[in-house]
Amino acid sequence: MPNILVHLIVNLALIGLIARFDPLFKQDKKGIVLAVFASHLIDIDHLLADPIYDPARCSITTHPLHRWFMFPVYAGLALFRNRRVRYLGVALLLHVGLDALWCL
Ligand SMILES: [Zn+2]
């Protein structure tokens, strides 16, 4: 299974799990799916790398939108009042968290 597909499925499952058990996350399946897919837009920073895709490369140390200094920005989005912005923040944190796991 391609890496990006595993990434999407795990990200969707984790944020769905949070949405199911966290009372702050009311059921909004459309919002959750949109947030997970939108969180993958940060992978556009791969276009700045050469080669564009290298399965052996660690995103956290090379791609600008995946660097550690972006984590507080994503955490800030996760604290937003708007539910869908919160979903996006959580999805982005899960995205970079999963990318960090791939680095190990
Ligand atoms: Zn990524």
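Right, let's walk through the structure included here. Position numbers for residues start from 1 in each chain and track the written sequence from start to end. With the structure being a predicted model, the display of local features is reserved for residues of pLDDT at least 70 and the display and counting of side-chain atom pairs for 80 or more, all residues being used for whole-chain, interface and lining totals. To get the side-chain values, take all heavy atoms of the structure and skip hydrogens and water.

## A short note on the pattern of salt bridges
Alright, step 1. Any carboxyl oxygen of Asp or Glu within 4 Å of a side-chain nitrogen of Lys or Arg constitutes a salt bridge here. Inspection of the entire model under this criterion finds two salt bridges.
Alright, step 2. The partner of Arg83 in a salt bridge is Asp28, and the shortest N-O contact between them spans 3.3 Å. Note that Arg83 is positioned in helix H5 (residues 83-103) and Asp28 in the loop between helix H1 (3-21) and helix H2 (29-39), a separation of 55 residues in sequence.
Alright, step 3. Ionic pairing is found between Arg84 and Asp28, a salt bridge with its closest N-O pair at 3.0 Å. With Arg84 in helix H5 and Asp28 in the loop between H1 and H2, this pair connects stretches of sequence that are 56 residues apart.
Alright, step 4. Taken together, the salt bridges that share partners define one network made up of Asp28, Arg83 and Arg84. A run of H or I in DSSP becomes a helix once it reaches four residues, and a run of E becomes a strand once it reaches two; helices and strands are each numbered from the N terminus.

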